[in-house]
Amino acid sequence: MSTTNIYDSYTIDSPSFIKRFAHRVRYGNSMKLSIYKGNSLLDYGTGSGILLGKIASLRPDAVLYGYEPFDEFVKQAIENNKNYTNVFIIGDLNEIPEMMFDNVTCFEVMEHLDVNAQLVAIRNMKSKLKKDGNIILSVPIETGIASLFKNIARLLVGAPHTRKAGEIFKATFGLPIKRNFKDGWVGSHVGFRFTDLEKTLLAEGLVIEKIIYSPFKWLYNICNSQRFVILRNKV
């Protein structure tokens with residue numbers, strides 16, 4: 001399996017029914033929310049670009065850009081979207097002008113970044129967003145009861161996220177966990193807290209318009225796996 005397909009094999013194509021279900025619902029929600037207004041979209045950290053292709057098939061009128069900093073993923077995203085004339089994959093943000101997009105999405109990325117890398121990402125996204133546009137994020141829920149269920153499941157299947165009882169306890173109660181970042185990035189979700197990211201987003205002049213939970217909208221952060229956050233610039 002190529003490295004470009006590894007992420008999909010852990011998520012939408014996971015052998016685990018629960019993971020596959022949760023991530024496929026997340027993909028569905030991502031498609032619905034991506035064109036939140038207007039008809040232009042920048043997907044920040046587009047990965048293999050599969051989501052853009054799905055959106056392009058539904059919205060052939062939309063202008064869709066995917067930014068991906070890793071060359072191998074750029075090649076895969078270009079290949080996956082070669083039949084769509086309204087999808088453009090870039091590896092350099094300087095290729096597109098400032099304040100171009102009605103919507104900027106960033107799905108399942110921010111939880112992997114340390115605060116400095118998060119700041120870079122947020123400022124990059126804001127620079128490409130129209131003044132009245134929206135940023136739409138999705139991040140995993142890694143605190144509370146939801147994290148307890150996730151971490152027990154990870155232990156049962158031998159996932160390389162955490163095998164330490166102390167970390168599971170801290171995550172359940174939303175306590176800080178030391179995360180081993182390398183060059184601003186970490187693979188594990190364990191230790192990610194939305195409250196920390198929320199403070200950074202607000203400090204950067206963004207306002208939360210709406211939070212949507214997935215896969216079950218009515219269970220909030222109790223038994224859900226993801227949180228979608230819709231933001232706009234502070235007026």
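In what follows, the structure referred to is the one given above.
The rules behind each value
- Along each chain, numbering runs from 1 in the same order as the chain's sequence is written.
- At least 70 in pLDDT is required for a residue's local features to be given in this predicted model, at least 80 for side-chain atom pairs to be given and counted, and no such filter applies to totals for whole chains, interfaces and linings, which use all residues.
- To obtain the side-chain values, all non-hydrogen atoms of the structure were included, while hydrogens and water were left out.
- Secondary structure elements follow DSSP: runs of H or I of four or more residues count as helices, runs of E of two or more count as strands, with numbering from the N terminus.
- For a compact globule the rule gives 2.2 Å times the number of residues to the power 0.38, and the radius of gyration it is set against comes from C-alpha atoms.
- Under the scheme applied here, a residue whose accessible area is under 20% of the maximum for its type counts as buried, over 50% as exposed, and between as partly exposed, the area being computed with a 1.4 Å probe on protein chains only.
- Note on contacts: a residue pair is in contact if any heavy atoms of the two residues lie within 4.5 Å.
- Note that accessible areas follow from Shrake-Rupley with a 1.4 Å probe, and for residues the cover is restricted to the protein chains shown.
- As used throughout, the charge tally considers Lys and Arg to be positive and Asp and Glu to be negative, leaving His and the chain termini uncounted.
- Taken as the charge location is NZ of Lys, CZ of Arg, CG of Asp or CD of Glu.
- Two strands pair if DSSP finds at least two bridges between them.
- Only the stretch in contact is used when a helix axis is fitted, and all axes are lines through C-alpha atoms; the angle between N-to-C directions ranges over 0 to 180 degrees.
- Residues forming no salt bridge and having over 30% relative accessible area are the ones grouped into patches, like charges within 9 Å of each other and nonpolar side chains (Val, Leu, Ile, Met, Phe, Trp, Tyr) within 5 Å.
- Here a salt bridge means any side-chain nitrogen of Lys or Arg lying within 4 Å of a carboxyl oxygen belonging to Asp or Glu.
- Two aromatic rings, drawn from Phe, Tyr or Trp (for Trp, its six-membered ring), form a pair once their centres lie within 6.5 Å of each other, and the interplanar angle then sorts them: stacked below 30 degrees, edge-to-face above 60, tilted otherwise.
- Nonpolar cores are built from buried Ala, Val, Leu, Ile, Met, Phe, Trp, Tyr and Cys residues. Side-chain atoms within 4.5 Å join them into one set.
- Should an angle lie under 35 degrees it is considered roughly parallel, over 145 roughly antiparallel, and from 65 to 115 roughly perpendicular; all remaining angles are considered oblique.
- For any pair of crossing helices, the crossing counts as left-handed if the nearer helix is rotated counterclockwise from the farther one by less than a right angle, and right-handed if it is rotated clockwise.
- Amino acids outside the nonpolar list (Ala, Val, Leu, Ile, Met, Phe, Trp, Tyr, Cys, Pro) and the charged list (Asp, Glu, Lys, Arg) are all regarded as polar, and Gly is one of them.

1. Some details on the overall build of the protein
Step number 1: Across its full length, the protein carries 8 helices and 7 strands.
Step number 2: The C-alpha radius of gyration of the protein comes to 17 Å, within 12% of the 18 Å expected for a compact globule of 235 residues.
Step number 3: For the protein, the spread of C-alpha atoms along the principal axes amounts to about 50 × 45 × 35 Å.
Step number 4: Looking at the protein as a whole, 49% of its 235 residues qualify as buried.
Step number 5: Residue pairs in contact within the protein that sit at least 24 positions apart in sequence constitute 66% of those at least 6 positions apart.
Step number 6: When the accessible surface of the protein is summed, it comes to about 12,000 Å², and 59% of that surface belongs to carbon and sulfur atoms.
Step number 7: The centroid of the 30 positive side-chain charges in the protein is displaced by 7 Å from the centroid of its 23 negative side-chain charges.

2. Quick word on the sheet that holds strand β2 (residues 63-67)
Step number 1: Reading across from one edge, β3-β2-β1-β4-β5-β7-β6 is the order of the 7 strands in this open sheet, with mixed pairing throughout. The sheet is open, and its two edges are formed by β3 (87-90) and β6 (206-214), each paired on a single side. Across the sheet, the axes of successive neighbouring strands diverge by a mean angle of 20°, strand direction being ignored.
Step number 2: Of the strands in this sheet, β1 (40-44), β2, β3 and β4 (101-107) are in contact with helix α3 (residues 50-58), which crosses β2 at around 180°.
Step number 3: Each of β1, β4, β5 (129-140), β6 and β7 (226-233) touches helix α5 (residues 115-128); the most contacted strand, β5, lies at about 145° to it.

3. As for a nonpolar patch on the surface
Step number 1: A surface patch of nonpolar side chains, amounting to about 280 Å² of accessible area, comprises Ile-145, Phe-149 and Ile-222.
Step number 2: Secondary-structure assignment places Ile-222 in the loop between β6 and β7.

4. Some remarks on the packing of aromatic side chains
Step number 1: Evaluation of the coordinates by the stated rule reveals 7 aromatic pairs.
Step number 2: A ring pair is formed by Tyr-44 and Tyr-67, whose centres lie 5.0 Å apart and whose planes are at 50°; its orientation type is tilted. Here Tyr-44, found in strand β1, pairs with Tyr-67, found in strand β2; they are 23 residues apart in sequence, far enough to count as distant. For the pair formed by Tyr-44 and Tyr-67, the shared burial category is buried.
Step number 3: Centroid distance Phe-216 to Trp-218: 5.7 Å. Interplanar angle 55°. Geometry classified as tilted.
Step number 4: Using a relative accessible area of 28% as the deciding quantity, one classes Phe-216 as partly exposed.
Step number 5: Note on Trp-218: relative accessible area 61%, which makes it exposed.
Step number 6: Taken together, Tyr-65, Phe-88 and Phe-101 form an aromatic cluster joined through their ring pairs.

5. Re the nonpolar core
Step number 1: Core analysis: the biggest nonpolar cluster contains 27 residues, and Met-110, Met-125 and Leu-137 have the highest contact counts within it.
Step number 2: Counting residues per element, this core draws most heavily on β5, which supplies 4 residues.
Step number 3: Formed by 19 residues, the second largest nonpolar core is a distinct cluster that contains Ile-55, Leu-64, Phe-107 and Ile-212.

6. A few points about the packing of α5 against helix α8 (residues 194-203)
Step number 1: As a packed pair, α5 and α8 sit with axes 11 Å apart at the nearest point and diverge in direction by 45°. Judged on the interaxial angle alone, α8 and α5 are oblique. α5 and α8 meet at a crossing whose hand is right-handed. In this structure, α5 uses Val-115, Gln-118, Leu-119 and Ile-122 to contact α8, whose residues at the interface are Leu-197, Thr-200 and Leu-201.
Step number 2: Considered class by class, the residues forming the contact of α5 with α8 number 5 nonpolar, 2 polar and no charged.

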